[in-house]
Every structure is written in structure tokens, then in C-alpha cells.
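Fold and contact review
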Amino acid sequence: PEQLGAALGISIDGLTTEQAEQQRKQQEKNETGERRRSVFSLLFHAFFTPFSVVLLVLTVISFLTDVLLTSNFSRSFTTPVIMLGTLLAGGILRLIQEIRTRRISDPLTRPSHTCVWVRRDGDWKRLDFSFLVVGDRVRLSAGERVPVDLRIVEAHNLFVSQSALTGESAVLRKTADPLFSPPARLSSCRNMVYDGSVVTGGSGEGIVLAVGKDTVYGALSPQNAPRKTGFEQGANSIAWVLIRFMLFLVPVVFAASGLARGDWLSALLFSLSVAVGLMPELLPAVTAACLAKGSHAMGKEQTVVKNINAMQTFGSMDVLCVDKTGTLTGNTLLLEYYTDLLGNESEKVLEYAVLNSFFHTGANSDLDQAVLRFLDMPQKGSRLRELTNTWQKTEEHPFDYERRFVSVLLSQGQEQLLIVKGSIHEVAARCRYTEYRGEVREMEAGALSSIHAVTDEMTEDGMKVLAVAYKRCTACSLRAEEENGLTLLGYLAFFDAPKQSAAAALRQLQELHV
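Residues numbered from 1 in each chain as written. Predicted model: local features only at pLDDT ≥ 70, side-chain atom pairs only at ≥ 80, totals over all residues. Heavy atoms only, no water.

1. A few points about the side chain of S257
Positionally, S257 belongs in helix α8 (residues 230-261). When neighbours within four sequence positions are excluded, S257 is seen to be in contact with G262, A267 and F270. (Helix = DSSP H or I, 4+ residues; strand = E, 2+ residues; numbered from the N terminus. Contact = heavy atoms within 4.5 Å.)

2. Describing unusual backbone geometry
Leaving glycine aside, a negative phi is the common case for residues, and trans is the common case for peptide bonds. For D121, which is not glycine, the phi torsion reads 55 degrees and is therefore positive. When you line up the elements, D121 lands in the loop between β1 (115-120) and β2 (123-128). Located in the positive-phi region is R437, a residue other than glycine, with phi close to 55 degrees. Assignment of secondary structure puts R437 in the loop between β12 (431-436) and β13 (439-442). Classification of R437 as exposed rests on a relative accessible area of 68%. (Buried < 20%, exposed > 50% of the residue type's maximum accessible area, 1.4 Å probe, protein only.)

3. Overview of the pairing of strand β15 (residues 486-498)
Burial analysis of β15 places ten of its 13 residues in the buried class, the great majority of the element. Taken together, the three bridges between β12 and β15 define a ladder with parallel strand orientation. The residue of β15 that forms the bridge with Y433 is T487. Pairing of strand β14 (residues 463-473) with β15, which is carried by eight bridges, proceeds in the antiparallel orientation. Across the sheet, residue A467 finds its bridge partner in β15, namely Y491. (Pairing = 2+ DSSP bridges.)

So, in C-alpha cells, the structure goes:
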């Protein structure tokens, strides 16, 4: 750590308030995400489209040909007024809808502020992430989102998920050890934690190296104008086709009329009138009105349309796939059963499940919370709490979506106990033995089908079932190979009761052909 501080020219113990304020003046604002569009930007996008620009030019031309360059007898304001009116109507409709949408969407898209522990003036303080500067020393713990890019200087079983950056679901272990060769990808940087990552287990401390859009995540965030939709690209292409056609046809008509009649002024006015006639004047207004009507209709259904042009894409969809968790259930998991291998209630399974959930420092899931509620039960709580006091945690591997289980290595004097809790299939695949009523036997061939015969009955009743396994050793460390040769102990069955409104919701979905 001291060498890192010397290389960066900062103190490894953090900054003082004066140093932090000076650094804040030199760096950009510490925030990422889409920039808020100003009123001027909304005006520009509402009125200055290829169609609108062409219509404006033709309005000026129509004013010249019908008003300025004609006699009093044939002078008419009708055409330029109609064209200008349609131009303003389409732009105003679009502008009003964009302003309404921004008023609703801005509070929803405003970045959530994360508070972190920062070492300032020698003391640890809880500050909003927007006050972080390069050189700050930050403390991380399980369940927290990392708001900046950090170089780890201390790590205690620190595991993070970088899925927001890399798309990989694997949980990575982070250490303070230096790298002796340039990493090939982000996941290979063992001593770096990036903005957007989530701490899934353990704790650690790090030095801030980048904030805001200077971070890796900030470079990926949309900083400029949003990407054009297919509708915008199609509308723009039609406008440019008309422009090219006018640029080709107007000179041809002007030359042909002038050579045929010999009156070049009349030929100019006639060719400009042809250009006006080629333009569908009402198209921008009709398009804006249809999009605004669709956006307004979606607003009545509690749906915010940030980009009004997206309505055309939304309306052209044949199938919409969405996912919503917790709609039909109360989202309150309860541990209904803790059973041995044959489905009988087993106190040992509950004890081992409590030890696993109690000692692992990953972000507690609803499953862990359901297990730990037994610590507060009057009949079992005191005994289970006494059990947690007799063991000490040595190491852990938090849950990830590749392994699909949690491993905790505990010690009691010279004795060590590895407890694994997770997916039935993944845990059973790592087991070599089974235990039933205190008797340990080697797992027989075809045991997986016997396991599913018991667990499938519970899953068919709408329960979430996990397996609990263990391994006793004397001098083992939590390496990948140690998570094999386990003894399957039993199962945990969790139940999330449906809401009272679930039946009505299902009927409504059927009526909507979902």
C-alpha cells in the first residue's frame, strides 16, 4: 500500500478535507448516466428535423412566389400561412409531449445516491458518493454498490459481481496483491473494483483512482444524444429523397420552361411552385399528432414514453416479453420444512443451515433471512444462538450463478466443518456420501433419481428447495477441490404464499391473451 501511495503521490491513509476540496475543483462532477436535455435541446429536436427544415424553406419560397414576386391581383397568403401553421402545429405538439415526459421521467432516471465510508482527516465518515475524489480511501462491505473505480489495499474474503460491466454472472474474488503482468480483460484485474460493481461478500478498503465519466462504467454510459430509432431514420431518409428529387427536378423544370417560353422569371416561379407541390405539407403535423396521441394513451396506462419517436417502434411489435417478480406472491419467504433425505424433520439440517446463513457475509437473500428467523424463535432461538457462539468462521465462498451454492468453512479448536447450502443438482453432484439418522453411507449409483423423488414432491407444491451438505476435516482450506466429497445431509423447503389478488390477476392476463 505504501508503494502505491508513493506512486500516486497520495497518502494511503486518505485525504484531509482541504485536500479533498482542492481535488474536487480539479476533477469533473462525480456522476454518470444520461445528461438531462435542456429546453433549448427540446426546442431544437421538436422543430429542426429534415422534414421541418424542408417545409420551412418551402414556406419561404411560397411566400416569395405568392406574395412578394406577384401582382396585387393574384397575391395570396393562403399557401404560406397553411404551411407555416402545419409546421408550428407539429413542432408544438411534439414539444408539449416531450416536456410532459421529461417532467415525469426525470425523477425516475435521476441517479440514486449511494453513501459510503470514507477516511477523511484520519476518521471514517459516511459521505454521499458525489463527494468522493481521486485519492480518497473507501471502505466496502457486503451488499454495497461500488460508485467509483478503486485499487484494493485491504481485502477480507472480498467478492464482487461485475455483471453490470462485463455481463458475466461469475462472482470474482478481489485481493490487494499486485499484478506482475498486464491483465487481458477486466475480470483479470484482481486488485481493482470498478464503478457499477456490487460487493457480494466480505469486506475491503481501496483508494479511489477514477470518478464520474472517467471510470470504466462512466465511459460506457450514454453521455451524448440518444441513438436514433428506426422510425427517425426512415423519416429522415424520406426527407432526403424529397430533397434530392427537388434539387434535380427544379433546375430541369426551370431550364425547360425558360427555354420554351423565354420568360426566365416566370420559369423560376413555376419551378419553385413545383418544389412546393412535391412536399407533403401536412406530413410532419400528422406524424407528430399520431405519435403524441399514442404517447398520451400510454401515459393513461401509467407508462412513460421518454422518446416520442419510440411510439412507432412500440406499436409495430408483434410480441412483447416482460418479466415481473413478486406479482403473484407476497414476496415473504418462509422456511416450511427442514428434512432429512427421506423427508422427515431434522434438527441437524436446521442447525447446519443456520450456521451457513449466519456466518457467510454475502448480501443476505430472502432465503437466508427465512433461515435466520429461527434465531428469534422462543423454543429454538437460544439453542441455535449458543451453537453459533461455539464456531468461528475461517473462510467462505459466496453464492454465484455458476456454482449455485454457498460454502462456509468453520472451525472449533482443531476441528473444521465445511457447510454447503444451495441448488439440489449442484450440491448433490459434489457429494460422495449421504447421512440418514446419524449413519453415513457412500452414495449409491442412481442416487440423484432418489433425491428428486423426495424434492420434486415439494417443488410441485410451489416450494423452493435447497440441499444442505457438509464435510469434516482437520487442516483444509476453502479451495475448489475441497468442495467435493461432501456428505449430503438433507433439504430446506421454502414457501412464498400467493397474494389474495393472484387469481384475479391470472384471469386478467388470460383476458389480455398473455
